[in-house]
Amino acid sequence: MPIEPQKIKKVRRNLELTLWEKLYIFEVIRGLFITTRHLVVNLIGFVVPPAGKKRSIPTIYYPEEKRVMFDAYRGRPVLVAQENGSEKCVACGLCEKICPGRAITIVAREKENGDRFPLQFTLDMTRCVYCGYCEEVCPKEAIVMSREYENLAAYNRAEMIFSKESLLRPEKDLRERLEYVRRIYSKCNY
Ligand code: SF4
Ligand code: SF4
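Residue numbers restart at each chain and count upward from 1, following the sequence in its written direction. Note on labels: chains are lettered from A, ligands numbered from 1, in written order. With the structure being a predicted model, the display of local features is reserved for residues of pLDDT at least 70 and the display and counting of side-chain atom pairs for 80 or more, all residues being used for whole-chain, interface and lining totals. Hydrogens are left out, water is left out, and the side-chain values use all remaining heavy atoms of the structure.

Turning our attention to unusual backbone geometry. What is expected of a backbone is that most residues other than glycine have negative phi and most peptide bonds are trans. Between Tyr62 and Pro63 the backbone carries a cis peptide bond, its omega angle lying at 5 degrees. Here Pro63 lies in the loop between helix H2 (25-47) and strand E1 (77-81). Within the chain, Tyr130 stands out as a residue other than glycine whose phi angle is a positive 60 degrees. Relative to the helices and strands, Tyr130 is located in the loop between strand E3 (116-124) and helix H4 (133-137). Burial here depends on accessible area, computed with a 1.4 Å probe over protein chains only, as a share of the maximum for the residue type. Under 20% is buried, over 50% is exposed, and the range in between is partly exposed. Classification of Tyr130 by relative accessible area gives partly exposed; the value is 23%. Under the DSSP-based scheme used, a helix requires at least four consecutive residues in state H or I and a strand at least two consecutive residues in state E, with every element numbered from the N terminus.

Rendered as structure tokens:
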């Protein structure tokens, strides 16, 4: 489709800046004005908070205050524990297989009744890329991406390797994420 001539804008290449533009004084002053305005507004909001509010500035006083992460947030993968404290995982190995970082290692065993369970479930957080594939593939809702964003760094690699016991979280604490997972993956037509 031809373009109407009045809609064509010519680009002025090799444009020479004026002396005023070369000095950047106006832009520097404008930047300082914006920064100062934010500083003053935040200070006023801090000293004189609006009625009914603690303070009006959005900054969170971490670590005293913790941010509540949104449902879609993908933090550390954790294992879902049943009411009796045992894992929901049946050691099917799907998460171990799909994990692109090869962060998961499972040693499976069978109970006397034939049910499988992970004798060991190891998560190497130096390899995890927080993709959420383990959560998506799990047929038992036994592993989910939690809202945990702390202690994701350590001074040595050994501290970044998590055992089954350290990954287990009560199901009630993961309810919101589990509901989100059901909502989001039920939209996928595999
Ligand atoms: S989030 Fe991705 S990289 Fe991390 S353990 Fe799960 S599948 Fe592996
Ligand atoms: S996919 Fe789920 S049930 Fe299977 S081994 Fe992983 S956590 Fe366990």
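Here the narrative resumes, following the displayed structure.
This next bit is on the pattern of salt bridges. Pairing of side chains with opposite charge becomes possible as their charged atoms draw close. Each reported salt bridge corresponds to a side-chain nitrogen of Lys or Arg within 4 Å of a carboxyl oxygen of Asp or Glu. For the structure shown, the criterion picks out twelve salt bridges. For Glu27, the salt bridge is made with Arg30, and the minimal N-O distance between the two is 3.1 Å. Pair noted here: Glu27 and Arg30 are both in helix H2, with a separation of three residues, about one helical turn. In this structure, Arg76 engages Glu148 in a salt bridge whose closest nitrogen and oxygen atoms are separated by 2.9 Å. One end of the pair, Arg76, is in the loop between H2 and E1; the other, Glu148, is in the loop between strand E4 (143-145) and strand E5 (161-162), with 72 residues separating them in the sequence. Where salt bridges share partners, they join Asp71, Arg147, Glu176 and Arg183 into one cluster.

On to the pairing of E3. Note on pairing: two strands pair once DSSP finds at least 2 bridges between them. Where strand E2 (residues 104-110) and E3 come together, seven bridges link them in antiparallel fashion. For Glu110, the partnering residue across the bridge sits in E3 and is Arg116. The hairpin turn running from E2 into E3, its antiparallel successor, is five residues long, and Gly114 in that turn takes a positive phi close to 95 degrees. Looking at chain direction, E3 and E5 are connected through two bridges and run antiparallel. Each bridged residue has a counterpart across the sheet, and for Leu123 the counterpart in E5 is Phe162.

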